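# Architecture and fold: a report
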Amino acid sequence: MNLSELQGKEVINMHDGVRLGMINQSELVFDEITGDLESIVIPNGENFFNVFGQEEYLIIPWEAIVKIGSEVVIVNLKSKNYKAYSS
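We now turn to the structure provided with this report. (Residues numbered from 1 in each chain as written. Predicted model: local features only at pLDDT ≥ 70, side-chain atom pairs only at ≥ 80, totals over all residues. Heavy atoms only, no water.)

Counting 13 residues, the largest nonpolar core has Val11, Leu20, Ile60 and Val75 as its most contacted members. Listing elements by their share of this core, those giving two or more residues are strand S4 (37-43), strand S5 (56-61) and strand S7 (72-75). (Core = buried A, V, L, I, M, F, W, Y, C linked by side-chain atoms within 4.5 Å. Buried < 20%, exposed > 50% of the residue type's maximum accessible area, 1.4 Å probe, protein only. Helix = DSSP H or I, 4+ residues; strand = E, 2+ residues; numbered from the N terminus.)

As structure tokens, then:
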């Protein structure tokens with residue numbers, strides 16, 4: 001699969017059915033030594049900007065990805081495993 005084939009796919013969490021975001025709004029994190037994809041960083045859904053104007057992001061480990069379909073990427077994250085960061 002090419003990276004361009006991930007563009008435009010919606011990310012859905014199978015654990016709770018929440019729409020987490022779109023791949024085209026995200027960043028991919030690669031291991032600088034092996035070149036393996038480590039995680040996907042996406043804006044935090046509906047809370048794209050918090051009250052103070054900072055963006056919040058979710059980091060989804062590559063291991064959490066269950067299935068990549070033609071239109072969606074299914075991940076399995078329990079709520080306590082979501083990692084949100086502000087910039």
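Scanning the entire structure with this criterion turns up 1 salt bridge. Across the salt bridge formed by Glu10 and Arg19, the nearest N and O atoms sit 2.5 Å from each other. Look at Glu10 and you get partly exposed, because its relative accessible area is 23%. Judged by its relative accessible area of 42%, Arg19 is partly exposed. (Salt bridge = Lys/Arg side-chain N within 4 Å of Asp/Glu carboxyl O.)

Pairing within the open sheet is mixed, and its 4 strands lie in the order S2-S1-S7-S6. Here the strands that pair on one side only, and so sit at the sheet edges, are strand S2 (19-22) and strand S6 (65-68). For this sheet, the mean angle separating the axes of adjacent strands, direction not counted, is 20 degrees. Two strands pair when backbone bridges link them, and strand S1 (residues 10-13) and S2 are joined in this way by 3 bridges, in the antiparallel orientation. Paired with Glu10 across the two strands is Met22, which belongs to S2. (Pairing = 2+ DSSP bridges. Axes fitted to C-alpha atoms, helices over the stretch in contact; angles between N-to-C directions.)

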